[in-house]
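Spelled out, the chains give:
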Amino acid sequence: EVRTEVQRGCYGDDTPSRLIGGALHQLYYDPNIENKNLAQKWLMQAQVSPQAWQFCWALLSPDKVPEIQYFGASALHTKISRYWSDIPTDQYESLKTQLFSQIACFSSGSKMVLTRLCVALASLALNTMPEAWPGAVAEMVRVFQEEGGGVDGRARCLALLELLTVLPEEFQTSRLPQYRKGQVRGALGREWGSVCPLLQQLLRRTDSPGAVKARVLRCLSSWVLLDVPLNESEGLVQDCFSALPDPELFDTAVEAIVNAISQPDSQRYVNTLLKLVPQVLALQEQLREAVQNGDMETCHGICRIAVTLGENHSRTLLEQVDHWQSFLALVNMIMFCTGIPGHYPVNETTSSLTLTFWYTLQDEIMSFESDKQAVYLQVYRPVYFQLVDVLLHKAQFPSDQEYASWSSDEKEQFRIYRVDISDTLMYVYEMLGAELLSNLYDKLGRLLTNAEQPTSWQHTEALLYGFQSIAETIDVNYSDVIPGLIGLIPRININNVQLADTVMFTIGALAEWLADHPVMLSSVLPLVLQALGNPDLSVSSVSTLKKICRECKYDLPPYATNIVAVSQEVLIKQIHKTSQCMWLMQALGFLLSALPVEEILRNLHSLITPYIQQLEKLADETPNPSNKLAIIHILGLLSNLFTTLDISKQDDESADGSAPPVKTAPPPPGPNPVVVVLQQVFALIQTVLSKWLNDSQVVEAVCAIFEKSVKTLLHDFAPMVSQLSEMLGQMYSTIPQASALDLTRQMVHIFASETDHFPPIKALFELVTSVTLSIFQQGPRDHPDIVDSFMQLQAQALKRKPDLFLSESLDVKAVFHCGVLSLKFPEAPTVKSTCLFFTELLPRCSDVPPVARVVQEDGKLLIQAVLEGIGGGASRCLMDQFAEVLFSLNKHCFSLLAVWLKEALQPPGYPSSRVTTEQKDNFSHQILRERVNKRRVKDIVKEFTLLCRGLHGTEYAAEY
């Protein structure tokens, strides 16, 4: 009913505004969310309807409430900005006049309505300048400077400033085509000559009210974002500095200065920048007063100005060698801001703004040629040593009492702040080198050996944190101060959790150094083992032990008994959370790897027996949520232990690294300890599975044990292949799960090529393939994870052992059809895995007859599925994968592809109604021409998919 009334255009009465008023009331005040949504939908439709041109003026009537007036102004802006082409050229002038008139009326009225009307006029100006409305800004200034209309001068002035402020803002967000944007930007740049004198006049007049000056500063902020040349706004920027002592103007003046000097083009105006440096330095007195008075806002603002000038113009100012002292003074001012008194983020929030400046300055200094660099380093190395002292002071924790009063959010912000400081110290090390470590060591040594002067734990912790920050990422093996540091650590009076944490992390950061200097292990290992028993040090102590066990495992046998005993104790007492328990098991895996096999088995027996007994008990219980969690926890512990327990000598990767370890020596004779344990618990695992086979998380946890063992042991896992293959087949036949397919893929990868193990692997592969094919017959859409893993398995089989596809028991045709179906899944990972399958399958046309046969018979179905995906049926992120399939078809089935492409692209409107026959032919010819350059095929596919989706030539496509 409402829509009908509006569309009839019955505007003689008050119908539109009454209806819109009702809808707005419903939107703002109706408690029913459905009514609100309906009202919003209707209002949006009304706003873009052709009739909006008539009713929006009526809604601006003085007798309407501001909400209705605002809606009318917004409707005007929407029509002008989004439907400009609907407006006849001869209406431009009257529309402009009406808007000027309305802005004048509202200059003393509702501020929010005035702003929307200004935005509407700004949009009109952007659409008409420079051709239809040359000198637009000059006319705006003239119109509002004229007396009349019963509006006082101050209100007119504020309205004009609002209009001039929103004009550049509207330009930044406008939907103008790219070529128009360039024209309009140029026109606006030329209009600055009309704006600048007005702003200067208003800012310099002593009788200008504060509100007018604040609006002037906002207007300047807006205009400088259009890259107004800095030398042309120099006078106004200096006026902004004069406004900083006024508390009411401070924030807007800061914003204007920061915007002006951070424009990319501003570095061209060296003389102007040099004039600004003394003005920034002159703010130091105001800054110090603000610090004394605890005025965080003023500190923050002045710091922003100094950092913006330094960060954006470091190189330009460094190169002005005649002015080196003034730039050094600016650097020292920023140093004061970095070290501003108080604890971040409670007493101050300024220091964090400065950190990126130090990166920038260092980069600029280090980028000079060596002769020039040496001169700058002479001046700035002492500055950076001072910076290290300042940063470590800022990284100090507050007193225990004060820290306890902080909120959790403040503690988290402080933690992040310390990470930022850590990153900065690491970066600074690149400039200061080994001397920085010596400097830190000397300070720590004096602190810990000076018996007369009591030291705070905070000071000690901060210095250690500095060491840790550097040692974590920089190779410190050559450093001559590390032995001294390791010697100092036991002297630290650890009476605080934060200090203990940092001691742990510092030891962890030095794990590689300890591997080269194993004699020092006895100094630090007792500290780590002691910390393991403290739940507050869980993360730091366990991660440090893991690093030591990984890096130093061949030097740990003398300590192994003690490490295992302490670890067992904390595991039994359940001191640590699940993730730390898993890390601890990984640490023990590394540790045990270096022991003789008999000792490994003995330790494994004592370590695992309690869990096996617990698992036996749980296996007998009726399944419920609590014993499920316990089972998954125990299986996880075993998985993590077997992830790192590897008795072969090798070049280690991290436990969870993506690259496989490289074996460098054969393992000792006899069965692998992991295999021994797995064989012992195999029956128990089968019992657990029999009860939990329909629970994907438990099945996943079981598969993880074997998958991680296979990955670590590689061919040492051989004794388990037969029984594991049998178990996997039974599992998957009963209830198919993706994790079982992933484990099968690992088995195929490692054992399919071995004659002894081929029969069980072949039987398993054929069984899971057969079961999965039956899932496809029943409808695979509910199992995208299984389809994904299945396609990865098939690809792996083709890659490692294509003979598997020669078996009469394998229905290659059905597998091919499943692949074609999987290409149409909405899940991107599944489609990627399927494309991988086809890129492995197609090269086998030459040496696997069943594959050649099915491709020849049904290849057209594949090309159709690929074209449907490219035509818009699949996500654009998959186009590279589809291109790889096309490239593979072209390489291995060229003559067939030519026929299939021609036939598939024949029907009109296929694969998209947006592409012409000529464009389809062009695509086909381009694809068939490229049999060597895969990158070019990807570009051709991207181009064609954009055409199919109607996106070719759009800004959206430019980002693709």
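Reading guide: rules and limits
Residues numbered from 1 in each chain as written. Predicted model: local features only at pLDDT ≥ 70, side-chain atom pairs only at ≥ 80, totals over all residues. Heavy atoms only, no water. UniProt positions renumbered as here; feature names shortened; annotations may be inferred. Helix = DSSP H or I, 4+ residues; strand = E, 2+ residues; numbered from the N terminus. Expected span 1.5 Å × (residues − 1). Bend = angle between axes of the 7 residues up to and from the residue. Contact = heavy atoms within 4.5 Å. Salt bridge = Lys/Arg side-chain N within 4 Å of Asp/Glu carboxyl O. Buried < 20%, exposed > 50% of the residue type's maximum accessible area, 1.4 Å probe, protein only. Phe/Tyr/Trp six-rings, centres within 6.5 Å; stacked < 30°, edge-to-face > 60°. Axes fitted to C-alpha atoms, helices over the stretch in contact; angles between N-to-C directions. Parallel < 35°, antiparallel > 145°, perpendicular 65-115°, else oblique. Left-handed = near helix turned anticlockwise from the far one by under 90°. Nonpolar A, V, L, I, M, F, W, Y, C, P; charged D, E, K, R; others polar. Core = buried A, V, L, I, M, F, W, Y, C linked by side-chain atoms within 4.5 Å.

In the nomenclature of an unreviewed UniProt entry, the chain corresponds to Importin-13 from the organism Sander lucioperca. Taken verbatim from the UniProt record of the chain, the Sequence similarities (unreviewed entry) comment is "Belongs to the importin beta family."

Visitor: I would appreciate a short explanation of helix H10 (residues 178-204) in the present structure.
Guide: An α-helical segment advances 3.6 residues per turn. Residues three or four places apart therefore align on the same side. Here H10 is 27 residues long and its end C-alpha atoms lie 38 Å apart, about the 39 Å a rise of 1.5 Å per residue gives. For H10, the principal kink sits at glutamate 191 and spans about 35°.

Visitor: How do you make sense of the environment of phenylalanine 100 when you look at a structure like this?
Guide: Summarising the element assignment, phenylalanine 100 is placed in helix H6 (residues 92-106). As a C-alpha pair, phenylalanine 100 and alanine 138 span 38 residues in sequence and 14 Å in three-dimensional space. The residues contacting phenylalanine 100, other than those within four sequence positions of it, are Leu121, Trp133, Glu139, Met140, Val143 and Phe144.

Visitor: Please clarify how the pattern of salt bridges should be interpreted in this entry.
Guide: When charged atoms on two side chains of opposite charge get close, those side chains can pair. Tallying each qualifying case throughout the model produces 36 salt bridges. The residue lysine 64 makes a salt bridge to aspartate 63 at a minimum N-O spacing of 3.5 Å. By relative accessible area, which is 58% here, aspartate 63 ends up exposed. Put simply, Lys111, Glu162, Arg215 and Arg218 are held in one network by salt bridges that share partners.

Visitor: Help me understand the UniProt feature "domain: Importin N-terminal" (unreviewed entry) in the chain, please; the structure alone is not making it clear to me.
Guide: When the UniProt feature table is mapped onto this chain numbering, "domain: Importin N-terminal" (unreviewed entry) sits at residues 39-105. The span residues 39-105 is 73% helical and 0% strand by assignment, and the distance between its end C-alpha atoms comes to 29 Å.

Visitor: Help me understand the packing of aromatic side chains in this model?
Guide: How two aromatic rings sit relative to each other is given by the distance of their centres and the angle of their planes. Scanning the model with the defined rule gives 22 aromatic pairs in all. Centre to centre, the rings of tyrosine 344 and tyrosine 417 are 4.2 Å apart; their planes meet at 20°, and the pair counts as stacked. One end of the pair, tyrosine 344, is in the loop between helix H17 (324-338) and helix H18 (355-366); the other, tyrosine 417, is in helix H21 (residues 408-432), and 73 residues separate them in sequence. Look at tyrosine 344 and you get buried, because its relative accessible area is 14%. Judged by its relative accessible area of 2%, tyrosine 417 is buried.

Visitor: What should I look at first to understand unusual backbone geometry in this one?
Guide: Glycine aside, a negative phi is what most residues show, and trans is what most peptide bonds show. Cis rather than trans, the peptide bond between methionine 129 and proline 130 has omega equal to 0°. With respect to the helices and strands, proline 130 occurs in the loop between helix H7 (111-128) and helix H8 (136-145). Cis geometry marks the peptide bond from tyrosine 910 to proline 911, where omega comes out at 0°. Mapped onto the secondary structure, proline 911 falls in the loop between helix H43 (894-904) and helix H44 (917-929).

Visitor: Would you mind showing me how to read the packing of helix H15 (residues 284-293) against helix H16 (residues 296-319) here?
Guide: With their axes 8 Å apart at the nearest point, H15 and H16 run at an angle of 150° to one another. Accordingly, the angle class assigned to the pair H15 and H16 is roughly antiparallel. Considering the relative orientation of H15 and H16, their crossing is left-handed. Residues Gln286, Leu287, Ala290 and Val291 of H15 form the contact with H16, whose participating residues are Thr298, Cys299 and Ile302. Tallied by class, the residues present in the contact of H15 with H16 amount to five nonpolar, two polar and no charged.

Visitor: Please clarify how the nonpolar core should be interpreted in this entry.
Guide: Taken as a class, soluble globular proteins show a tendency for nonpolar side chains to be buried jointly. In terms of nonpolar packing, the biggest core is built from 329 residues, with Tyr380, Phe706, Phe717 and Phe805 touching the most fellow members. Beyond its immediate sequence surroundings of up to four residues, phenylalanine 706 is in contact with Leu678, Phe682, Ile685, Phe717, Met720, Leu724, Met727 and Leu743. Formed by twelve residues, the second largest nonpolar core is a distinct cluster that contains Leu19, Ile20, Ala52 and Ile68.

Visitor: Before we go on, may I ask you to explain helix H37 (residues 758-778) in this structure?
Guide: For H37, which comprises 21 residues, the first-to-last C-alpha distance of 30 Å matches the rise-based estimate of 30 Å (1.5 Å per residue) to within 8%. Regarding H37, the residues found buried are Phe758, Ile761, Leu764, Phe765, Glu766, Val768, Thr769, Val771, Thr772, Leu773, Ile775 and Phe776. Close packing links the buried residues of H37 with helix H35 (721-734), helix H36 (738-751), helix H38 (784-800) and helix H39 (812-822). Of the residues flanking the end of H37, it is glycine 779, one or two places downstream, whose phi is positive at about 120°.

Visitor: So what exactly am I meant to see when it comes to the environment of leucine 806 here?
Guide: With respect to the helices and strands, the residue leucine 806 is situated in the loop between H38 and H39. Owing to a relative accessible area of 43%, leucine 806 belongs among the partly exposed residues under this scheme. When the C-alpha positions of leucine 806 and proline 850 are compared, they lie 6.7 Å apart, and in sequence the two are 44 residues distant. For leucine 806, the residues in contact, after removing those within four places along its chain, are Val848, Pro849 and Pro850.

Visitor: Quick question: what am I supposed to make of the environment of lysine 553 here?
Guide: Position of lysine 553 among the secondary structure elements: in the loop between helix H28 (538-551) and helix H29 (560-572). Residues lysine 553 and leucine 463, 90 residues apart in the sequence, show an inter-C-alpha distance of 29 Å.

Visitor: Would you take a moment to explain the side chain of lysine 546 for this structure?
Guide: Checked against the element boundaries, lysine 546 lands in helix H28. Excluding anything up to four places from it in sequence, lysine 546 contacts Trp583, Gln586, Ala587 and Phe590.

Visitor: Looking at this structure, how should I read the packing of H15 against H17?
Guide: When two helices pack together, their arrangement is given by the angle between their axes and by how far apart the axes lie. Close contact between H15 and H17 brings their axes to 12 Å; oriented N to C, the two are set at 10°. By the angle class used here, H15 and H17 are roughly parallel. Taking contact as the criterion, the partners of Gln284, Leu287, Arg288 and Val291 in H15 are, on H17, Met333, Phe336 and Cys337. Residues belonging to the contact of H15 with H17 are distributed by class as follows: five nonpolar, one polar and one charged.

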